[in-house]
Amino acid sequence: MIMNLSPLVYVTLDQALDIINQNIEEINGSEIIPLEQSLGKILAEDIYSFTEFPPFDVSLMDGYAFCSEAIDSEGEKEFVVASEVYAGGAVDETFNKNQCVKVATGAAVPKPFDLVVVQEEVSVKEGRVKIKGKYKKGENIKKAGEEIQKGQLLCRKGQKVDARLINLLATLGIHRLKVKQTPLVYLFSTGQELQSLGKTLSFGQLYDSNRVFLQSALKQMDVLVAGGHIVEDDFSALEKEMEEAKRSQAHLIISTGGLSVGEKDYVAQFIEKCCSVYFKKVAIKPGRPLSFSSFEGIPFLSLPGNPAAVLVCFYAFVRKALAKRMGWSIHPFLEFKAHVAIDMVKKSGRVEFYFGKVKEEQSRLRVEPISLTDPAGAFSASRADALFRLPASSTSIPKDMLVDCIWL
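Residues numbered from 1 in each chain as written. Predicted model: local features only at pLDDT ≥ 70, side-chain atom pairs only at ≥ 80, totals over all residues. Heavy atoms only, no water.

Participant: Which residues make up the sheet that holds strand β14 (residues 184-190), and what values go with them?
Facilitator: In space, the 6 strands of this open sheet follow the order β17-β14-β18-β23-β22-β19, with mixed pairing throughout. Only two strands of the sheet have a single partner each, and these edge strands are β17 (224-231) and β19 (276-279). Across the sheet, the axes of successive neighbouring strands diverge by a mean angle of 20°, strand direction being ignored. Strand direction decides the pairing type here: β14 and strand β18 (residues 252-256), joined by 5 bridges, are parallel. The residue bridging Ser189 from the neighbouring strand is Thr256, located in β18. The sheet contacts of helix α1 (residues 13-23) involve β19, β22 (291-295) and β23 (298-303), and relative to β19 the element is tilted by about 140°. Seen against the sheet, helix α4 (residues 235-247) touches β14, β17, β18, β22 and β23 and runs at an angle of roughly 170° to β14. (Pairing = 2+ DSSP bridges. Helix = DSSP H or I, 4+ residues; strand = E, 2+ residues; numbered from the N terminus. Axes fitted to C-alpha atoms, helices over the stretch in contact; angles between N-to-C directions. Contact = heavy atoms within 4.5 Å.)

In structure tokens, the structure reads:
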């Protein structure tokens with residue numbers, strides 16, 4: 001939907017997140033891929049087990065399998081060892097309750113046997129086993145279907161595939177998955193002061209760390225990245241870059257820099273002239289100039305050039321926008337509350353972000369800022385467990401106050 005621009009020049013954090021959520025749509029496309037290639041993909045359908053697991057009764061120990069009906073007293077009994085069964089071995093024979101079979105750990109326990117006695121507790125001589133004592137049905141056996149039943153829901157549409165899920169599905173023989181289409185993000189930086197890594201800096205220039213960070217962070221989300229250019233401070237150059245982004249059929253465009261009110265802040269000018277704007281600024285620090293618009297139907301998140309603001313905007317906004325686009329709806333990012341470890345102060349009317357270290361003390365989580373002088377900088381981010389925020393309405397945040405946090 002297109003928002004009315006006039007009241008949305010400057011929005012709160014919650015308003016910004018709500019507007020992004022309302023105006024970013026899930027990609028409709030899906031594909032079927034081998035299980036081995038599914039790591040990091042988003043499931044496009046619920047998956048149910050087509051079989052039970054384990055598919056047969058399994059011995060949990062090396063020992064002998066008996067029928068519980070034949071062991072009904074504590075007195076000594078003797079059984080003929082009718083066969084030996086090892087893991088993976090087929091059992092074609094028919095047995096009766098007055099026999100027993102030797103079984104290895106992981107072996108299928110044939111019928112009618114329903115318990116296993118460890119080999120240290122029996123006496124074996126000339127193919128006969130003597131056993132003394134009373135044993136319970138099901139002892140040392142994992143029953144068929146004990147872990148997973150046929151038709152059981154294994155995972156839901158919108159869940160991200162990780163190594164543990166791959167292990168589960170491989171165990172059940174599920175080897176192909178229907179997953180959501182991988183989104184393509186078109187990324188570029190602006191600013192004549194920026195230089196690519198490996199090149200010599202002139203006085204006043206900086207390395208384009210924002211672009212390198214975003215490329216890595218997006219790939220870590222299993223997102224395809226196109227573009228990756230540094231666009232010179234020129235309106236026509238910016239127009240050409242945005243046209244290239246449109247031709248790439250990107251699902252999201254992300255830029256950094258060019259959002260202030262100077263004559264060379266061409267991203268802001270382009271948004272005003274060529275885009276449908278949802279909001280231009282957010283009441284946060286850092287990251288206030290964050291802008292969200294649409295260019296030719298493609299969502300466009302324009303991030304400030306300040307590296308600290310880029311870090312905060314990625315974790316607070318970009319990840320959520322991409323999760324919505326990807327269809328990643330099952331627990332995409334863990335948000336939680338923790339008690340702030342120190343007294344803190346801030347300006348009223350804006351949310352302030354800090355990178356912090358999380359510890360558990362006296363059965364509750366505490367978060368402490370990495371730095372008060374550089375709360376959201378690259379060094380703080382590299383040492384942090386979480387990004388936490390101080391509420392807009394407060395100027396004084398006392399020690400032990402609960403604050404909202406996002407795991408990184």
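Having seen it, we continue.
Participant: Summarise the UniProt feature "domain: MoaB/Mog" (unreviewed entry) in the chain; cite the residues concerned and give the values.
Facilitator: Mapped onto this numbering, the UniProt entry annotates "domain: MoaB/Mog" (unreviewed entry) at residues 186-324. This span, residues 186-324, is 37% helix and 29% strand, and a straight line between its end C-alpha atoms measures 17 Å. (UniProt positions renumbered as here; feature names shortened; annotations may be inferred.)

Participant: Give me the lowdown on the sheet that holds strand β5 (residues 63-66), citing residues and values where you can.
Facilitator: A sheet is described by the order of its strands in space; here 6 strands give the open sequence β8-β5-β7-β6-β10-β9, paired in mixed fashion. Looking along the sheet, the strands with just one partner apiece sit at the ends: β8 (115-118) and β9 (123-125). Strand-to-strand twist across the sheet, computed as the mean angle between neighbouring axes with direction ignored, equals 35°. Inspection of the sheet shows strand β6 (residues 76-85) paired to strand β7 (residues 99-103) by 5 bridges, in the parallel sense. The residue bridging Val85 from the neighbouring strand is Val103, located in β7.

Participant: Which residues make up the environment of Leu115, and what are the values?
Facilitator: The residue Leu115 is located in strand β8 in this model. For Leu115 and Asn21, which are 94 residues apart along the polypeptide, the C-alpha to C-alpha distance reads 56 Å. Among residues more than four places away in sequence, those in contact with Leu115 are Tyr64, Ala65, Phe66, Ser68, Ile71, Tyr135, Lys136, Lys137, Gly138, Glu139 and Ile141.

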